[in-house]
Amino acid sequence: MKRVHLDHNATTPMRPEALEALLEALDAGLGNASSVHDSGRRARAAIDDARERISAALAVHEDEIVFTSGGTESNNLAIFGATDAGPAGMGIATSTIEHAAVLEPVEVLEARGRRVTRVPCDPSGHLTPQTIAAATQASTESPYLVTIMAANNELGSTTDLPALADALGRARSSSRPGVILHTDAVQLLGKRPAQGLLDWVDLATLSAHKVGGPVGVGLLLRRVGTPLSAQLHGGAQEAEVRPGTENVASICAAARAIELAVQETDDFGARTRVLVEELWKELSCALPNVHLNGPPLSDGTRLPNTLNVSVPDAGDARMLVTRLDLAGVEVSAGSACASGSLAPSHVLQALGHDLQRARSAVRMSVGRTTTQEEISTAVDRLRITLGKAS
Ligand code: PLP
């Protein structure tokens, strides 16, 4: 049985070009990039080249790129690093629909006494710049770290970063002192335009494995001059904010994947939008009681590849995910698995739907390699799994 992977927001297969760059770098006998001898200098040159390519692809300065081990680490570095380096008493404003890699660092800081404001999303999962700005203006004297995701991994809703930057006075040309704006843009890259992010925000998180690069490489983009304290100690790498011997081969592969993802963003959008529309059409025909969660498909700002649906007849989404896995279809549940709880994910709860709809939410995300045939196969298998074969 040919399996159908409809979970590209979790991770997407490596691009052949990135794999080639990885193998080439692994085979090149590169040393430690901090060493002064030949193999060390070649490793340094490989990292410099990767940094240059990423800087050109993302329209940021080379000095604004910090390599990390992934999106989770970049979010942690941004949140702990900015609050440690910021003025005393800095509060945090965030949203109710962030990824755990933002939610949990913020909870840790809250437990240590930081003031936290959580901004709700609208019924389709969008975060409104005015609501976010109002949350930080409630106490105008206070400094704030604002951490707001650029695109939601479960729903595909996005945030208007230029409008948010304007509302917070964070555009490059007009910085409001006292506010640092961080965005988790892990799901934005490759799906919607992500160039020039630092024109709008001070810090931005990206992850290579979401765009066909290897797992284990992330980026924190940091606008020049943004205060940030290292969270690891023991070396001077990455401008002293992220010490540790660099993962050279993976960084080379990440650069290749990011370059291609940026070049292909428009094509990716056009292709995956059609596949998602087809998926929704086939699902609605096969399952009359299916609901769409998050932004409508007509919303031009949504991630083109992401579809979140509830199938209340199917019961708990995690059971459905397991049954679909047995049928050869890979999707993900909108439900949190924490401590065996049956609670729906915080994102589905934030939408305010009834419990049954929230519990039965399943995310399907298509990718570069998804075909029309796979969409039909997935819907057939879902129909059979739910006992609705005609
Ligand atoms: N942020 C978002 C929105 C994500 O979707 C993910 C991964 O699913 C992460 C952060 C974590 O990235 P990584 O897997 O590179 O640690």
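Cut-offs applied
- Residues numbered from 1 in each chain as written.
- Predicted model: local features only at pLDDT ≥ 70, side-chain atom pairs only at ≥ 80, totals over all residues.
- Heavy atoms only, no water.
- Salt bridge = Lys/Arg side-chain N within 4 Å of Asp/Glu carboxyl O.
- Helix = DSSP H or I, 4+ residues; strand = E, 2+ residues; numbered from the N terminus.
- Phe/Tyr/Trp six-rings, centres within 6.5 Å; stacked < 30°, edge-to-face > 60°.
- Lys NZ or Arg CZ within 6 Å of the ring centre and 35° of its normal.
- Buried < 20%, exposed > 50% of the residue type's maximum accessible area, 1.4 Å probe, protein only.
- Pairing = 2+ DSSP bridges.
- Arc of directions from axis to C-beta.
- Contact = heavy atoms within 4.5 Å.
- 1 Å grid on protein atoms, 1.4 Å probe; cavity = no way out; pocket = protein on both sides within 12 Å on 5 of 7 lines; lining within 4 Å.
- Points joined across faces, edges and corners; volume = space filled by probe spheres on them.
- Nonpolar A, V, L, I, M, F, W, Y, C, P; charged D, E, K, R; others polar.
- Core = buried A, V, L, I, M, F, W, Y, C linked by side-chain atoms within 4.5 Å.
- Domains from an automatic or database assignment.

Draft legend 1. Spatial organisation of the pattern of salt bridges. A complete count under the given rule lists 17 salt bridges for this structure. Note that Glu264 and Arg15 form a salt bridge whose closest N and O atoms lie 2.9 Å from each other. Taken together, the residues Glu264 in the loop between helix H7 (248-263) and helix H8 (265-286) and Arg15 in the loop between strand E1 (4-5) and helix H1 (16-27) connect sequence positions 249 residues apart. Close ionic contact of Arg256 with Glu259 constitutes a salt bridge, the shortest N to O distance being 2.9 Å. Taken together, the residues Arg256 and Glu259, both in helix H7 and three residues apart, mark about one turn of the helix. Overlapping salt bridges bring together Asp49, Arg53, Arg256 and Glu259 as one network.

Draft legend 2. Looking closely at the packing of aromatic side chains. By the definition in use, this model includes zero aromatic pairs. One cation-aromatic arrangement involves Arg115 over Tyr144; the distance from NZ or CZ to the ring centre is 5.2 Å.

Draft legend 3. The pairing of strand E5 (residues 144-147), seen in detail. Burial of the side chains of E5 extends over both faces: Tyr144 and Val146 are buried on one face and Leu145 and Thr147 on the other. Across four bridges, strand E3 (residues 91-95) lies against E5 in parallel orientation. Of the residues in E5, the one forming a bridge with Gly91 is Tyr144.

Draft legend 4. Structural view of helix H9 (residues 317-326). The set of residues buried in H9 consists of Ala317, Arg318, Leu320, Val321 and Leu324. Considered in projection along H9, the buried side chains sweep an arc of 160 degrees and stay on one side of the axis. Projecting away from the buried face of H9 at angles above 90 degrees are the exposed residues Met319 and Leu326. Summarising the contacts, the buried residues of H9 are in contact with strand E11 (329-330), strand E12 (332-333), helix H11 (355-359), strand E13 (361-365) and helix H12 (372-385). Phi turns positive, to about 90 degrees, at Gly328, one or two residues after H9.

Draft legend 5. Broad picture of empty space enclosed by the protein. Under the definition given, this model contains two cavities of 30 Å³ or more. In this structure, the largest cavity is lined by Leu6, Leu279, Leu283, Leu324, Val329, Val331, Met364, Ala378, Val379 and Leu382. Those elements that provide at least two residues to the lining of the largest cavity are H8 and H12. Here the element with the most residues in the lining of the largest cavity is H12; it accounts for three residues. Taken together, the residues of the lining of the largest cavity sort by class into 10 nonpolar, no polar and no charged. Of the pockets and cavities examined, the second largest cavity occupies roughly 30 Å³. What lines the second largest cavity is Ile97, Gly125, His126, Leu127, Met149, Ala150, Ala151, Asn152, Ser157, Thr158 and Thr159. Looking at the lining of the second largest cavity, its residues break down into five nonpolar, six polar and no charged.

Draft legend 6. Focus on the nonpolar core. Counting residues in each nonpolar core, the largest one holds 65 residues, and the members touching the most others are Leu58, Val146, Leu219 and Leu221. Here this core takes 11 residues from H7, the largest share from any one element. Summarising the domain contributions, this core has at least three residues from each of domain 1 (4-13 + 265-389) and domain 2 (16-263). Not counting residues up to four positions away in its chain, the partners in contact with Leu221 are Leu58, Val60, Glu64, Ile65, Leu197, Leu198, Asp202, Leu203, Ala204 and Leu206. If you look at the next biggest cluster of nonpolar residues, it comprises 28 residues, including Leu287, Leu320, Leu324 and Met364.

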